[in-house]
Amino acid sequence: MEDIREQNKDAHLKGFVVDLSSFRSILEFKSSLEKWLMDSDMHSSIQLLINNEGILATSARPTAEGYDQMMGTNYLGAFFLTKLLLPLLKTSPVGSRIVNVTSFTHRAVFGAQINEDIVTGKCFFRSKEYPCARIYQYSKLCLLLFTYELHRQLNLDNKPGQVSVLSAHPGMVKTNIMQEVPFSLSSIAYLVFRVLGLLQSPENGINSILDAALAPSVSSPAADSAIELE
Ligand SMILES: NC(=O)c1ccc[n+]([C@@H]2O[C@H](COP(=O)([O-])OP(=O)(O)OC[C@H]3O[C@@H](n4cnc5c(N)ncnc54)[C@H](OP(=O)(O)O)[C@@H]3O)[C@@H](O)[C@H]2O)c1
C-alpha cells in the first residue's frame, strides 16, 4: 500500500485480512468490504478480482469447515469468494474481470473423476499418505474448470458480458510456494527448472497475471476449451 501511495498520493486504499480457507472469514471480509465501500461513498462495485492465493501443503489438514486445506485454499475459497463478490462485479459501470491464477500442472491429471469427495479433499483424509502434488494438480484443474464454466455462463450466446473470467499461469517462479517442501528437494527442483531455462523471475511471472487483468481487450477460448475438456 505504501508503494502504491508513493506513486499515487490520492489513491484510496484499504487492506483487509482474509483467510481464504475459511468460509466464515470470507463472509466477514465481504461484509467489511461492502461497509467500506458504503462508508467511503464509493460506487458499490468491483472491477477486478484476482484469485492469486495458493498453497502446496505437504500434510493433510482440515479447514475450519472440515475440508482439505489445499483444496479449501486453492479452489473452494476462490470459488466461494467469487460467488459472493459476483453481484459487485456485475454492477460495475465498466466491464469487470476475474483472474484465477492456475498452473500448468493440471495437465498431469488423467482420467480424473471430479466428484464431491475430490473437490472437498475429504477422500485424501482416508489415504495413508498425503499425495500433495496430485492434490495441488486437482485443485488447479478445478479452478481452471470453474474459470471456463463461469465465463461460459456469464457470456452465453456469444454476447460479450459484463464480467470476463480468465486464468493465468505465471510459469515456474521461485516464491514461497514450496515453503513446506524440504529445502533439499525444493533446491533441486529450482536447480532443474533453472538448467532447463524454465525458471522465471517474479517480475516476469507476474506479467501473465497483469496481462490477464489489465489487457484492454481479451478474447477467451472458454467455450472451445470447455468442450475439449469434457
Ligand atoms: N511459484 C510458481 O512456480 C507457481 C507456478 C504456477 C502457479 N502458481 C500459483 O501462483 C499463485 C501465487 O503463488 P506464489 O508462487 O506467489 O506462492 P507464495 O509466495 O507462497 O504466495 C502464496 C500467496 O497465497 C496467499 N495465501 C496462502 N494461503 C492463504 C489463505 N488461507 N488465505 C489467504 N491467502 C492465502 C499467501 O498469503 P500470505 O503471504 O499472507 O500467507 C500468498 O500471498 C498460487 O495460486 C500458486 O499456485 C505459482
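Bear in mind that the values here come from a model prediction, so they are computed numbers and not experimental data.

Is there a simple way to think about the pattern of salt bridges in this case?
Pairing between side chains of opposite charge can happen when the charged atoms of each approach one another. Under the criterion given, the structure shown has 7 salt bridges. When the shortest N-O distance is used, the salt bridge between Glu34 and Lys30 registers 3.4 Å. Note that Glu34 and Lys30 are positioned in helix α2 (residues 23–39) at a spacing of 4 residues, about one turn of the helix. Ionic pairing is found between Glu180 and Arg61, a salt bridge with its closest N-O pair at 2.9 Å. Residue Glu180 is located in the loop between β4 (172–173) and α7 (183–195), and its partner Arg61 is located in the loop between β1 (48–51) and α3 (69–90); the two are separated by 119 residues in the primary sequence. Residue Glu180 is classed as partly exposed on the basis of its relative accessible area, which comes to 30%. Relative accessible area serves as the criterion here: at 26%, Arg61 is assigned to the partly exposed category.

Help me understand the site of the ligand, please; the structure alone is not making it clear to me.
Surveying the vicinity of the ligand reveals 22 residues, the closest of which are Leu20, Asn52, Tyr136, Val173 and Thr175. Gly171 is positioned such that a nitrogen or oxygen atom in its backbone is 3.3 Å from an oxygen atom of the ligand. Taken by itself the ligand offers 880 Å² of open surface, and the protein chains cover 69% of this. Going through the elements one at a time, α6 (132–154) and β4 are the ones with two or more residues in the shell around the ligand. Classifying every residue of the shell around the ligand by side-chain character gives 9 nonpolar, 10 polar and 3 charged.

Could you clarify how one ought to interpret the state of the cysteines in this entry?
Such a bond, covalent and formed between the sulfur atoms of two cysteines, is termed a disulfide. Under the criterion given, the structure shown has 0 disulfides. Summary of cysteine pairing: Cys123 is not part of a disulfide, and the nearest cysteine sulfur, belonging to Cys142, is at 11 Å. The structure places no disulfide on Cys132, whose sulfur is separated from the nearest cysteine sulfur, that of Cys123, by 14 Å. Note on Cys132: relative accessible area 22%, which makes it partly exposed.

Looking at this structure, I do not really get the nonpolar core. What am I missing?
Nonpolar side chains tend toward joint burial in soluble globular proteins. If you look at the biggest cluster of nonpolar residues, it comprises 47 residues, and the most contacted ones within it are Leu33, Leu85, Leu89 and Ile98. When contributions to this core are tallied by element, the ones reaching two or more residues are α2, α3, α4 (116–119), α5 (123–126), α6, β3 (163–168) and α7. Counting residues per element, this core draws most heavily on α3, which supplies 11 residues. Those residues in contact with Ile98, other than ones at most four positions away along the chain, are Leu49, Asn51, Thr82, Leu86, Leu89, Leu150, Val163, Ser164, Val165 and Leu166. Judged by nonpolar contacts, the second largest core, of 7 residues, contains Leu166, Ile209, Ala212 and Ala213.

How do you make sense of the environment of Ser187 when you look at a structure like this?
Relative to the helices and strands, Ser187 resides in helix α7. Separated by 2.7 Å, the side chain of Ser187 and the backbone oxygen of Phe183 make a polar contact.

Just checking my understanding: could you explain unusual backbone geometry for this structure?
Working note: non-glycine residues mostly have negative phi, and peptide bonds are mostly trans. The phi angle at Asp41 is positive, at roughly 60 degrees, despite the residue not being glycine. Mapped onto the elements, Asp41 comes out in the loop between α2 and β1. Exposure remark for Asp41: the relative accessible area of 73% places this residue in the exposed category.

I keep staring at a nonpolar patch on the surface and nothing clicks. Help me out?
Together, Leu48, Ile50, Ile206, Leu210 and Leu214 line one region of the surface with nonpolar side chains, adding up to about 410 Å² of accessible area. Of all the elements in the fold, those that place two or more residues in the nonpolar patch are β1 and α8 (202–214). Counting residues per element, the nonpolar patch draws most heavily on α8, at 3 residues. With respect to the element layout, Leu210 can be found in helix α8.

Looking at this structure, how should I read the sheet that holds β3?
Either a parallel or an antiparallel arrangement is found when strands of a sheet pair, and the pairing is made through backbone hydrogen bonds. Ordered in space as β1-β2-β3, the 3 strands form an open sheet in which the pairing is parallel. Edge positions in the sheet fall to β1 and β3, since each of these pairs with one other strand and no more. Along the sheet, successive strands turn relative to each other by an average axial angle of 15 degrees, direction set aside. Bridging between β1 and strand β2 (residues 96–101) involves 4 bridges; their strand directions are parallel. For Ile50, the partnering residue across the bridge sits in β2 and is Val99. In this fold α3 packs onto β1, β2 and β3, with an angle of close to 175 degrees to the strand it touches most, β1.

Rules of the game
Residues numbered from 1 in each chain as written. Predicted model: local features only at pLDDT ≥ 70, side-chain atom pairs only at ≥ 80, totals over all residues. Heavy atoms only, no water. Salt bridge = Lys/Arg side-chain N within 4 Å of Asp/Glu carboxyl O. Helix = DSSP H or I, 4+ residues; strand = E, 2+ residues; numbered from the N terminus. Buried < 20%, exposed > 50% of the residue type's maximum accessible area, 1.4 Å probe, protein only. Near = heavy atom within 4 Å. Polar contact = N/O pair within 3.5 Å; in protein donor to acceptor, adjacent residues only side chain to side chain. Areas by Shrake-Rupley, 256 points an atom, 1.4 Å probe, with all protein chains shown as cover. Nonpolar A, V, L, I, M, F, W, Y, C, P; charged D, E, K, R; others polar. Disulfide = S-S within 2.5 Å. Core = buried A, V, L, I, M, F, W, Y, C linked by side-chain atoms within 4.5 Å. Contact = heavy atoms within 4.5 Å. Patch = residues over 30% accessible without salt bridge, like charges linked within 9 Å, V, L, I, M, F, W, Y side chains within 5 Å. Pairing = 2+ DSSP bridges. Axes fitted to C-alpha atoms, helices over the stretch in contact; angles between N-to-C directions.

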